[in-house]
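# Chain and residue survey
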Amino acid sequence: MKHCGLEINLKNKPELDSEFIPMYQFNETFLKTATEPFEIAIERNDKQIIVKSTRVHADEAHAEADHYYLERLVKFELWQKGGFRVYVKGDEKLYKHLKKTFAPGGRRAQDAEFFGILYQNEFEVIKCENLPKPYEIKKSIGGHFDGCRIGFDAGGSDYKVSAVIDGEAVYSNETVWNPKINSDPEYHYNGVISAFREAMGHLPRVDAIGISSAGLIGNNRVLHAQLFQKVPKELFEKKGRETYIRAVKEISDEVGKEIPFAVANDGDVAALAGSISLKKNNVLGLAMGTSFIGGFVDKEGHLSNWISELAFAPVDASPKAAMDDWSKDIGVGVSYFCQEAVIKLARPAGISLDGIDTPAKKLSAVQKLLSEGHEGAAAVFRSIGCYLGHTVPYYYDAFKADTILLLGRPVSGKGGDIILAMAKTVLSEEYPDIKVDLMLPDEQTRRLGQSVAAASLPEIKK
């Protein structure tokens, strides 16, 4: 396979997607002949800075490859870590092209607009002679097990809730809901309140509430989430953004005391769940659910403080890659590692999902076929496993995790076992030097573990 003049050869291809070109393979091929130093730094909130040193060709013969490589590099860093200002040190022509790419009307204008709004700063690409120094704020959150706690995990197809007493789950349950197709934020609010009250029925009192939510979270508010994608902007600002704050306040008013609470994105909680269950750090949790997000607990047990929205980070370099409806970009993680991937691959697998009205039901239909021995359904999950095997080295480069833990409904049951087995085959045959423990937790933890881990987020002040 060729892209930007570079030849990429795979031993293992997803059987339902022969055009797939792993970003890791493209990057490795590109860097073999690139010798010109090129550096970028990206600034996000609280003056945090990440710095990335790489190489380019900086000649006319490789202009297309240079442009593509740098665009995808910056995009990946933005969706992994966040940012609104990109500092560049390197070739003038490549700097100008990168600046144009992220300017209004450029190929990545939507990314620039999104991050500008998210951080309330104009997005910009700046040339400089000396890059700013790296600076990171680490956060220690979770791992608190004392008292009577509610843990809630909001996904796009179901929510999970747990009642936890001194670290032991005395009750856990999941409920199907459809937040992504509801335009009234009260639908989301009522679901959260119902879950809280469900858990309260199994606790003598409520000392704390921890919430895991798909999307970007800041100060317990929803900054952006596909859970609210049908909610009009004005209503989201008025009610949706503070859904969890409002829900906790209502429960606090009911019990007559202020309940401590904390909200974190589900990727962080996936990583926290893995770290707690495995009793070790340096864990990357991949929440493969309605969307796709990663969270990272580092060697010291701190959460990364990155946005880790891997749903929109590129993984496929093929110019024929699937397009994501929201980001209007091709080859990004949401089309490869969550229920959207299952739906995308169903058609080439010979599975019709016509007449099924929600993504969650479509996923369930494919999983049911798999349980009945349908070969096309098995091919869907093998293809996702192949995607994953080729992408783990890419994530390993970014996070340097010792363990990668897979969570979410698409990896529950037989499908998760198929995904894991295929990913490990691809890793051993094509990337033998990548030493990472790729694993699934047990079935109950796979589906409900994040709500239990979420319960440990807030600290109860004595």
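As a starting point, this report considers the structure included with it. Worth saying up front: this structure is predicted, and the values here are computed from it rather than measured.

### Some details on the sheet that holds strand β17 (residues 437-439)
Taken in spatial order, the four strands of this open sheet run β15-β14-β16-β17, and their pairing is mixed. The strands lining the two open edges of the sheet, one partner per strand, are β15 (292-297) and β17. Geometrically, the sheet is characterised by an average inter-axis angle of 15° between neighbouring strands, direction not taken into account. Sitting on the sheet, helix α8 (residues 266-278) touches β14 (283-288), β15, β16 (403-407) and β17, and the angle it makes with β15 is about 45°.

### Structural notes on the packing of helix α1 (residues 23-33) against helix α11 (residues 375-399)
Between α1 and α11, the least distance of the axes is 7 Å, while the angle of their chain directions is 65°. Packed against α1, whose contacting residues are Met 23, Tyr 24, Gln 25 and Asn 27, the element α11 presents His 390, Pro 393, Tyr 394 and Asp 397 at the interface.

### Side note on the sheet that holds strand β5 (residues 85-89)
As summarised here, the arrangement of the four strands in space is β4-β3-β5-β6, forming an open sheet in which the pairing is mixed. The outermost strands of the open sheet, each flanked by one partner alone, are β4 (49-56) and β6 (124-127). Neighbouring strand axes in the sheet, compared pairwise and without regard to direction, differ in orientation by 20° on average. Where strand β3 (residues 36-43) lies against β5, five bridges are found, and the strand directions are antiparallel. Across the sheet, residue Ile 42 finds its bridge partner in β5, namely Val 86. Packing against the sheet, helix α3 (residues 92-101) makes contact with β3, β4, β5 and β6, and its axis sits at approximately 165° to β6.

### Some remarks on the environment of Ser 213
Looking at where Ser 213 falls in the secondary structure, it is placed in strand β10 (residues 208-213). Each C-alpha atom of the pair Ser 213 and Gly 155 lies 6.6 Å from the other, and the pair is 58 residues apart in sequence. Excluding its chain neighbours within four sequence positions, the residues that come into contact with Ser 213 are Ala 154, Leu 227, Tyr 244, Val 263, Ala 264, Asn 265 and Asp 266.

### What to know about the side chain of His 188
Within the fold, His 188 resides in helix α5 (residues 185-200). His 188 sits in the buried class, given a relative accessible area of 2%. If near-sequence neighbours (up to four positions away) are discounted, His 188 is found in contact with Trp 177, Pro 179, Asn 182, Leu 227, Phe 228, Val 231 and Thr 243.

### Some thoughts on the packing of helix α9 (residues 339-346) against helix α10 (residues 359-371)
Relative to each other, α9 and α10 sit at 65°, their axes nearing to 9 Å. Crossing hand, α9 versus α10: left-handed. In this structure, α9 contributes Gln 339, Glu 340, Val 342, Ile 343 and Ala 346 to the contact, and α10 contributes Pro 359, Ala 360, Lys 362, Leu 363 and Val 366. The residue makeup of the contact of α9 with α10, split by class, is seven nonpolar, one polar and two charged.

### A short note on the nonpolar core
Phe 26, Leu 286, Phe 337 and Tyr 395 are the most contacted members of the largest nonpolar core, which totals 99 residues. In terms of residue count, α11 provides more of this core than any other element does, 13 residues in total. Other than its neighbours up to four places away in sequence, Tyr 395 contacts Phe 76, Leu 284, Leu 286, Phe 292, Leu 310, Val 315, Phe 337 and Lys 400. Membership of the second largest hydrophobic core comes to 33 residues, among which are Ala 163, Ala 214, Ile 217 and Tyr 244.

### Remarks on the pattern of salt bridges
Evaluation of the coordinates by the stated rule reveals 37 salt bridges. Arg 108 serves as the salt-bridge partner of Glu 71, at 3.0 Å between the closest nitrogen and oxygen. Pair noted here: Glu 71 is in helix α2 (residues 63-81) and Arg 108 is in the loop between α3 and α4 (109-119), with a separation of 37 residues, a long-range link. Each member of the pair Glu 71 and Arg 108 is classed as buried. In this structure, the salt-bridge partner of Arg 205 is Asp 207, at a minimum N-O distance of 3.0 Å. One continuous salt-bridge network, built from bridges that share partners, spans Glu 71, Arg 72, Lys 75, Arg 107, Arg 108, Asp 111 and Asp 329.

### Points about α4
Counting buried positions over the eleven residues of α4 gives eight, a clear majority of the element. Restricting attention to buried positions, one finds in α4 the residues Ala 109, Asp 111, Ala 112, Phe 114, Phe 115, Gly 116, Leu 118 and Tyr 119. If you follow the buried residues of α4, they end up packed against α2, α3, β11 (216-218) and β12 (221-224). Two residues or fewer after α4 comes Gln 120, characterised by a positive phi angle close to 55°.

Rules behind the numbers
Residues numbered from 1 in each chain as written. Predicted model: local features only at pLDDT ≥ 70, side-chain atom pairs only at ≥ 80, totals over all residues. Heavy atoms only, no water. Pairing = 2+ DSSP bridges. Helix = DSSP H or I, 4+ residues; strand = E, 2+ residues; numbered from the N terminus. Axes fitted to C-alpha atoms, helices over the stretch in contact; angles between N-to-C directions. Contact = heavy atoms within 4.5 Å. Buried < 20%, exposed > 50% of the residue type's maximum accessible area, 1.4 Å probe, protein only. Left-handed = near helix turned anticlockwise from the far one by under 90°. Nonpolar A, V, L, I, M, F, W, Y, C, P; charged D, E, K, R; others polar. Core = buried A, V, L, I, M, F, W, Y, C linked by side-chain atoms within 4.5 Å. Salt bridge = Lys/Arg side-chain N within 4 Å of Asp/Glu carboxyl O.

Note that every value here comes from positions in space, so none of it alone points to a role or purpose.
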